[in-house]
Amino acid sequence: MFPPEIFDTILDDVHELDNTAVDVSVAGTFPQKTLSTCALVCKSWLPRARHLGFEEVLFPNDDATVGVTFCALLDHPLCTFRAYVRTLKLREPYRCPSELMKRQWLRTVLPRLATLPNVEYLHLKDMWFHQVSETDWADIVLPLFGPHLKKVMIFSTYFTRPSDVVELVSRCTQLEVLKLASLTMTMDRCSRQDIAVYPPPSRKLRKVLFHGEEALDVIHWLVSASICTPPPSLSIISFEDITSPSCSVVARCLDSFGSSITSLTLGFSEDGTYTDTEDLFCKHANPSSLTHLRTIRFGPLGIMAWRPDTAAARHIAPILSEIGSTDVREVSFGPICCLTVKDMSLMGWDAIISVLNHPTYLRLEALNLIFWEEQAELCKEAGVWLQRVRRKLRSQVELTCSLYPSVEI
């Protein structure tokens, strides 16, 4: 008889082979056929198989009935998988006969999912929280966000006001990772006083990623909390789609957490003329506060010859020249959007290389160009073109071209 650890390892390998989240629209308990069979072999195999099978639960957005069915299983007195769910990925169904049924779906499903006791990762997409009334907010939405959550990602979701997002995130007292992207608010931005009433961010928060101006109030909340209370030691920060109105608060955020940041992404929105936002950011930012930075990425970058201002990447060299860290190991550009390899010369490489050859970057190990997945051929051509840069850089710096990953975090 083999020890139970051997069987656990076998089941782990089976899970890696199937490696599919539980899709509650699929008939049966397990979508992984092999893992489902293993769960029926004997009683000793069931706990591990059940743990692996329900570790990640994915709700589809093409059928409103499956969410209700899954919640009925949770309500059953013989339900045994409730404690095994660690990751919950939820999308509001778009196939609802009426707006009334959609609101009923929220009232039925969300409160029951909040009873799952061990969820650590909550992933929300295409949710319509602005349809939840103020009286129902505390019963329907708030319970989903609690101290057990360590990772929260919210995409393409509607809220009534920006303070709603701050309220939800502030409830996650053990939060380590936060990503907010493409949020929509139906009311105007809240005042600083509205934000101040919420608890400070989790002291364990280490990684934040923001995309879009609607996350601005959450950034305000982080900055305000760092003044009044001991701030979290944020080590990874990503700001994509920085707009002119957000330049000053993003700069303040970098100044507040600069000493703990080791990885930074800066991407700018093309509002106004092509360099208005970048110029404004350089005016407000103080990169010298980034004293422990090890990796930095600039992107997305749109580099095209037909633009009226061909120096769309001229902000890169000034920012690199002012960074206070002497331990930068990796500099990346992208995803880059360009039509031909010749457009790459418009990035102002002479200024960039001059900065990277400075003694401040003696520990630089890698310089990366990143392209969108649909630009695979261009990525190959850029690898050849990049040899021109290699001749001007110090020999120990590795130059690479790669495709932007489809899944992040």
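Heads up: the structure comes first, above all this text.
Reading the values: rules and limits
Counting starts from 1 at the beginning of each chain's written sequence and moves along it residue by residue. In keeping with the predicted nature of the model, local features appear solely for residues at pLDDT of at least 70, side-chain atom pairs appear and are counted solely at 80 or more, and the whole-chain, interface and lining totals rest on all residues. The side-chain figures draw on all heavy atoms in the structure; neither hydrogens nor water molecules are used. Runs of H or I in DSSP of at least four residues are treated as helices and runs of E of at least two as strands, each being numbered from the N terminus. For the exposure calls, accessible area comes from a 1.4 Å probe over protein chains only, and a residue counts as buried if that area is under 20% of its type's maximum, exposed if over 50%, partly exposed in between. Residue-level accessible areas treat just the shown protein chains as cover; the underlying method is Shrake-Rupley with a 1.4 Å probe. Using a grid of 1 Å spacing that covers the protein atoms alone, one calls a set of points a cavity when a 1.4 Å probe fits there but cannot get out, and a pocket when the set is open and has protein on both sides within 12 Å along at least five of seven lines; lining residues are those with an atom within 4 Å of a point. Grid points are joined across faces, edges and corners, and a volume is the space filled by probe spheres set on the points. The residue classification treats Ala, Val, Leu, Ile, Met, Phe, Trp, Tyr, Cys and Pro as nonpolar and Asp, Glu, Lys and Arg as charged. All others, Gly included, are polar. By salt bridge we mean one thing: a side-chain nitrogen of Lys or Arg within 4 Å of a carboxyl oxygen of Asp or Glu. Working definition: rings of Phe, Tyr and Trp (its six-membered ring) pair if their centres are within 6.5 Å, and the pair is stacked with planes under 30 degrees apart, edge-to-face with planes over 60 apart, and tilted otherwise. Charges are assigned to positions over rings by a cutoff of 6 Å between ring centre and Lys NZ or Arg CZ, combined with an angular limit of 35 degrees from the ring normal. What we call a nonpolar core is a set of buried Ala, Val, Leu, Ile, Met, Phe, Trp, Tyr and Cys residues that are connected through their side-chain atoms within 4.5 Å. Here, residues are in contact when the closest pair of their heavy atoms is within 4.5 Å. Think of it this way: DSSP has to see at least two bridges between two strands before they count as a pair. Here a crossover is taken to be right-handed if, once the strands point away from the viewer, the path from the first strand over the helix to the second is traced clockwise. A fitted line through C-alpha atoms represents every axis, and for helices the fit uses only the stretch in contact; the resulting angles, taken between N-to-C directions, go from 0 to 180 degrees. Geometric relationships in this document are graded by angle, where less than 35 degrees denotes roughly parallel, more than 145 denotes roughly antiparallel, 65 to 115 denotes roughly perpendicular, and other angles denote oblique. Two helices cross in a left-handed way if the nearer one is turned anticlockwise from the farther one by less than a right angle. They cross in a right-handed way if the turn is clockwise.

Colleague: In this structure, what is going on with the overall build of the protein? I would like to understand it.
Modeller: Check the secondary structure of the protein and you find 15 helices and 16 strands. Here the protein, with 409 residues, has 49% of them falling under the buried criterion. Entry remark: accessible area of the protein is about 19,100 Å², with carbon and sulfur atoms responsible for 54%.

Colleague: Even after reading the chapter, I still don't get empty space enclosed by the protein, so can you show me in this structure?
Modeller: Summary: where empty space remains is shown by rolling a probe the size of a single water molecule over the atoms. As enumerated under the stated definition, the model contains four cavities of 30 Å³ or more in all. Empty space within the largest cavity amounts to approximately 80 Å³. As for the largest cavity, its lining consists of 13 residues, of which Gly212, Ile219, Glu240, Asp241 and Ser246 are closest to the centre. Of all elements in the fold, only β9 (207–211), α9 (216–228) and β10 (236–242) reach the threshold of two or more residues within the lining of the largest cavity. Sorting elements by how many residues they give to the lining of the largest cavity places β10 first, with four residues. In terms of residue class, the lining of the largest cavity is made up of six nonpolar, four polar and three charged. Approximately 60 Å³ is the volume attributed to the second largest cavity. Together, Leu88, Leu113, Ala114, Leu116, Val119, Leu122, Pro143, Leu144, His148 and Leu149 line the second largest cavity. Taken together, the residues of the lining of the second largest cavity break down into nine nonpolar, one polar and no charged.

Colleague: For this particular structure, what's the right way to read the pattern of salt bridges?
Modeller: When the charged atoms of two side chains lie near each other, side chains of opposite charge can form a pair. Applying the stated criterion across every chain, the model contains 15 salt bridges. The residue Asp126 makes a salt bridge to Arg91 at a minimum N-O spacing of 2.7 Å. In this pair, Asp126 is assigned in the loop between β4 (121–125) and α6 (134–140) and Arg91 in strand β3 (residues 87–91), connecting sequence segments 35 residues apart. The exposure class of Arg91 is partly exposed, given its relative accessible area of 27%. The partner of Asp327 in a salt bridge is Arg363, with the nearest N and O atoms 3.1 Å apart. With Asp327 in the loop between α12 (316–322) and β14 (330–337) and Arg363 in the loop between α13 (349–356) and β15 (366–371), this pair connects stretches of sequence that are 36 residues apart. For Asp327, a relative accessible area of 17% corresponds to the buried category.

Colleague: Just to check I follow, could you spell out the packing of aromatic side chains for this structure?
Modeller: Given two aromatic rings, their pairing is described by the distance between the two centres and the angle made by the two planes. According to the stated counting rule, one finds twelve aromatic pairs in the structure shown. Judged by centre distance (4.3 Å) and plane angle (5°), the rings of Phe54 and Phe81 are stacked. Here Phe81 lies in the loop between α4 (64–75) and β3 and Phe54 lies in the loop between α3 (46–53) and β2 (56–58), a separation of 27 residues in the sequence. In this structure an aromatic cluster arises from ring pairing among Phe54, Phe59, Phe70 and Phe81. In this structure, Lys151 packs its charged tip against the face of Tyr121, placed 4.4 Å from the ring centre.

Colleague: What should I look at first to understand unusual backbone geometry in this one?
Modeller: Backbone phi values are negative for most residues with the exception of glycine, while trans is the configuration of most peptide bonds. A cis amide bond, omega 5°, links Gly299 with the succeeding residue Pro300. Tracing the backbone shows Pro300 in the loop between β12 (295–298) and β13 (301–302). With an omega of 10°, the peptide bond between Gly334 and Pro335 qualifies as cis. By the element assignment, Pro335 lies in strand β14. At Asp126, a residue that is not glycine, the phi angle is positive and equals roughly 60°. Residues other than glycine seldom take positive phi values, yet Ser182 does so here, at roughly 55°. Within the fold, Ser182 resides in the loop between β7 (177–181) and β8 (184–185).

Colleague: What's the story with the nonpolar core in this structure? I'm lost.
Modeller: Across soluble globular proteins, nonpolar side chains have a tendency to be buried as a group. One finds Leu113, Phe145, Phe239, Leu320, Phe333 and Trp349 to be the most contacted residues of the largest nonpolar core, which totals 111 residues. Among the elements that take part in this core, helix α10 (residues 247–257) stands out by supplying seven residues, more than any other. Leu113 has contacts with Phe59, Phe70, Cys71, Leu74, Leu88, Leu90 and Leu144, leaving out every residue within four places of it along the chain.

Colleague: Looking at this model, I keep getting lost on the pairing of β10. Mind explaining?
Modeller: Looking along a regular strand, one sees the side chains alternate between the two faces of the sheet. The buried fraction of β10 is high, at five of seven residues. Taken together, the five bridges between β9 and β10 define a ladder with parallel strand orientation. Looking at β10, one finds that His211 is bridged to Glu240. By the bridge criterion, five bridges tie β10 to strand β11 (residues 263–268) in an arrangement that is parallel. Bridged to Ile242 within β11 is Phe268. With α10 bridging β10 and its parallel neighbour β11, the resulting β-α-β unit is right-handed.

Colleague: Mind showing me how you'd approach the side chain of Ser238 here?
Modeller: One can find Ser238 in strand β10. Contacts of Ser238, omitting those with residues within four sequence positions, involve Val208, Leu209, Phe210 and Thr265.

Colleague: Got a minute to help me understand the packing of α10 against helix α11 (residues 276–284) in this structure?
Modeller: Helix-helix packing is characterised by the crossing angle of the two axes and by the distance between the axes. Interhelical geometry of α10 versus α11 gives an angle of 40° and a closest axis separation of 9 Å. Taken together, the axis directions place α10 and α11 in an arrangement best described as oblique. Considering only the axes of α10 and α11, their crossing is right-handed. Of α11, the residues touching α10 (which contributes Cys247, Ser248, Val250, Ala251 and Leu254) are Thr277, Leu280, Phe281 and His284. For the contact of α10 with α11, the residue count by class is six nonpolar, three polar and no charged.

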